[in-house]
Amino acid sequence: MTTVTTATTVTEPDALRDALGLLKDREQVAERLLDSSAKHSFDPDTELDWDAPLEEGKWFWPPELVSLYDTPLWKKMSEEQRMELSRHEAASLASLGIWFEIILMQLLVRHIYDKSVTSAHVRYALTEIADECRHSKMFARMIQKGEAPAYPVSRLNHNLARVLKTVSTTPGSFACTLLGEEILDWMQRLTFPDERVQTIVRGVTRIHVVEEARHVRYAREELRRQMVTAPRWEQELTRVSCGEAARVFSIAFVNPQVYTNVGLDRREAVAQVKASGHRREVMQSGAGRLTEFLDDIGVLRGVGRKLWKSSGLLA
Ligand SMILES: [Fe+2]
Ligand SMILES: [Fe+2]
C-alpha cells in the first residue's frame, strides 16, 4: 500500500530531496538571497518623500498599461479622464498587491512551520515576510497619497483565497505566488523608469521591483524542486489549481468599480477591455516569462493548460 504524504507536514520528501542534492541547492540559493537582501533592502517610510505634492499632468500608471488603452471608449475619453482612470487603476492594482501579499505571508508561514529554524531557507522566508510587510504598508500609503479608494476583490474571490491560503499544497502555493508576483512585476518594470508617471509611483514600483526579484527567484527555485519530488497527485493538483488561479486572477486583475468611479459605464468598459487586442497582448506579455518557466517544469499540462488558455494569459 502506498501512503500519501504532503510535503509540508512530513520529513520523507525532505529525505528524498536530500538524496537528490536538492536541499544543499536550496540552502545555497537562500544564502545568496540573504546576501542580496542585506545589501539592497529599503524602508519605504524613509526612502520616499511622502510629503511632496502630486505633480500636475502626470500619470499614475503608464497609459499603455491602463486596461482601456486603445479601445473605442479610450479614444472618446478626454486626456484628463484617462489620467483619472490611471489613478484609480494604480489604486486597484496596489489593493490587489496587498491582497496577494497578505495571502503570501500566510503561505510562507505555513511553508516553514515544519522546517529547521536555523536553515538559511527559513531565515530567507522570514526576510521575505518582512519585505512583504513593508510593501503592503507602502502600497496602502500610495493609495492614500493618490486620494483614491482601496479596491478590495469580490467577496467570492476573497473567500476562495481564504480556503486556498489555508489548505493549498506547497507547490500549489508557490505556483500561485509566482502568478501574483510576476505579472505585476512585469508592469512595474515598465512603470518605474517612465518619466510621464508620478514620482511617488515610480519610487514605490522601483523599491518593489528590486525586492521582488528575490521573491520570484525563491519561489521559482522551490517550485522547481517541488515538482521533481512531489507525489503525482500533488503535481496534478498543482497544474489544475494553478490554472484555476490564473483564470480567477485574469478576471480579478482590475476592479470594475474603477470605471464607475471615473464616470464610465461599467458594463461597456468591461466588455471593451475583454475585446481589446492590445490588452490581451499586454497581459500575455506580462505572463510570458512565467508561462515559459511553468511550461519548462511541467506545470502547463492537461486541464491546467486549458484553464491557462481560457484565462487569456496564454496564447
Ligand atoms: Fe511585495
Ligand atoms: Fe513578493
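Residues numbered from 1 in each chain as written. Chains lettered and ligands numbered in written order. Predicted model: local features only at pLDDT ≥ 70, side-chain atom pairs only at ≥ 80, totals over all residues. Heavy atoms only, no water.

**Quick word on the overall build of the chain**
Step number 1: Across its full length, the chain carries 14 helices and zero strands.
Step number 2: Each helix and strand of the chain, placed in order from N terminus to C terminus, yields the pattern α-α-α-α-α-α-α-α-α-α-α-α-α-α.
Step number 3: Relative to its length of 315 residues, the chain is compact, with a C-alpha radius of gyration of 20 Å against a globular reference of 20 Å.
Step number 4: A principal-axis box enclosing the C-alpha atoms of the chain has dimensions of 65 × 45 × 30 Å.
Step number 5: Taking all 315 residues of the chain together, 54% fall into the buried category.
Step number 6: A fraction of 82% describes how many contacts in the chain between residues 6 or more apart in sequence connect residues 24 or more apart. (Helix = DSSP H or I, 4+ residues; strand = E, 2+ residues; numbered from the N terminus. Rg over C-alpha atoms; globule rule 2.2 N^0.38 Å. Buried < 20%, exposed > 50% of the residue type's maximum accessible area, 1.4 Å probe, protein only. Contact = heavy atoms within 4.5 Å.)

**Section: the coordination of the iron ion (ligand 2)**
Octahedral six-donor coordination of a metal ideally yields angles of 90 or 180 degrees, compared with 109.5 degrees for tetrahedral four-donor coordination.
Step number 1: In this structure, E132 (OE), E181 (OE), E212 (OE) and H215 (ND1) serve as the protein donors to the iron ion (ligand 2), at separations of 2.0 to 2.2 Å.
Step number 2: Note that the iron ion (ligand 2) binds four donor atoms; their angles at the metal cover 78 to 153°, and the shape is irregular.
Step number 3: In primary sequence terms, the donor set of the iron ion (ligand 2) follows E-x48-E-x30-E-x2-H.
Step number 4: Taken as a pair, the iron ion (ligand 2) and the iron ion (ligand 1) show a spacing of 3.4 Å, with E132 coordinating each metal. Remark: E212 occurs in helix α9 (residues 199–229) and E181 occurs in helix α8 (residues 170–191); sequence separation between them is 31 residues.
Step number 5: A relative accessible area of 7% places E181 in the buried class. (Donors = N, O, S within 2.8 Å, 3.2 Å for Na, K, Ca; no water. Tetrahedral: all angles 85-135°; square planar, octahedral: opposite > 155°, others 65-115°.)

**Side note on the coordination of the iron ion (ligand 1)**
Step number 1: Every protein donor of the iron ion (ligand 1) is accounted for by E101 (OE), E132 (OE), H135 (ND1) and H208 (NE2), and the metal-donor separations fall at 2.0 to 2.2 Å.
Step number 2: Around the iron ion (ligand 1), the four donor atoms sit at angles spanning 85 to 173°, and that spread fits a shape best called irregular.
Step number 3: Within one chain, the residues serving as donors to the iron ion (ligand 1) are arranged as E-x30-E-x2-H-x72-H.

**Topic: the pattern of salt bridges**
Once their charged atoms are close, side chains differing in charge can pair, the charge on each being opposite to the other.
Step number 1: Following the criterion strictly, the structure yields 23 salt bridges and no others.
Step number 2: One salt bridge in this structure joins E211 and R134, with 3.2 Å as the shortest N-O distance. With E211 in helix α9 and R134 in helix α6 (residues 120–145), the pair connects residues that are 77 residues apart, well separated along the chain. The exposure classification of E211 matches that of R134, with both residues buried.
Step number 3: With a shortest N-O distance of 2.7 Å, R196 and D194 are connected by a salt bridge.
Step number 4: Residue class for R196 comes out partly exposed when judged on its relative accessible area of 36%.
Step number 5: The buried category is assigned to D194, whose relative accessible area is 11%. (Salt bridge = Lys/Arg side-chain N within 4 Å of Asp/Glu carboxyl O.)

**Here we look at the environment of E79**
Step number 1: Along the polypeptide, E79 turns up in helix α5 (residues 79–112).
Step number 2: Distance in space between the C-alpha atoms of E79 and A161 is 37 Å, their sequence separation being 82 residues.
Step number 3: Looking at E79, its side chain comes within polar contact range of the side chain of R82, at 3.1 Å. (Polar contact = N/O pair within 3.5 Å; in protein donor to acceptor, adjacent residues only side chain to side chain.)

**Quick notes on empty space enclosed by the protein**
Step number 1: By the definition in use, this model includes three cavities of 30 Å³ or more.
Step number 2: Counted as a void, the largest cavity has a volume near 60 Å³.
Step number 3: Surrounding the largest cavity, L54, F60, R87, A90, A91, M142, I143, K145, G146, A148, I200 and V201 form its lining.
Step number 4: Sorting the residues of the lining of the largest cavity by element identifies α5, α6 and α9 as the ones contributing at least two each.
Step number 5: Taken together, the residues that form the lining of the largest cavity break down as nine nonpolar, one polar and two charged. (1 Å grid on protein atoms, 1.4 Å probe; cavity = no way out; pocket = protein on both sides within 12 Å on 5 of 7 lines; lining within 4 Å. Points joined across faces, edges and corners; volume = space filled by probe spheres on them. Nonpolar A, V, L, I, M, F, W, Y, C, P; charged D, E, K, R; others polar.)

**Concerning unusual backbone geometry**
Step number 1: For D70, which is not a glycine, the phi torsion comes out positive at approximately 75°.
Step number 2: Positionally, D70 belongs in the loop between α3 (44–47) and α4 (72–76).
Step number 3: By relative accessible area, which is 41% here, D70 ends up partly exposed.
Step number 4: Located in the positive-phi region is E147, a residue other than glycine, with phi close to 55°.
Step number 5: Position of E147 relative to the elements: it lies in the loop between α6 and α7 (155–167).

Read these as spatial facts, not as claims about activity.
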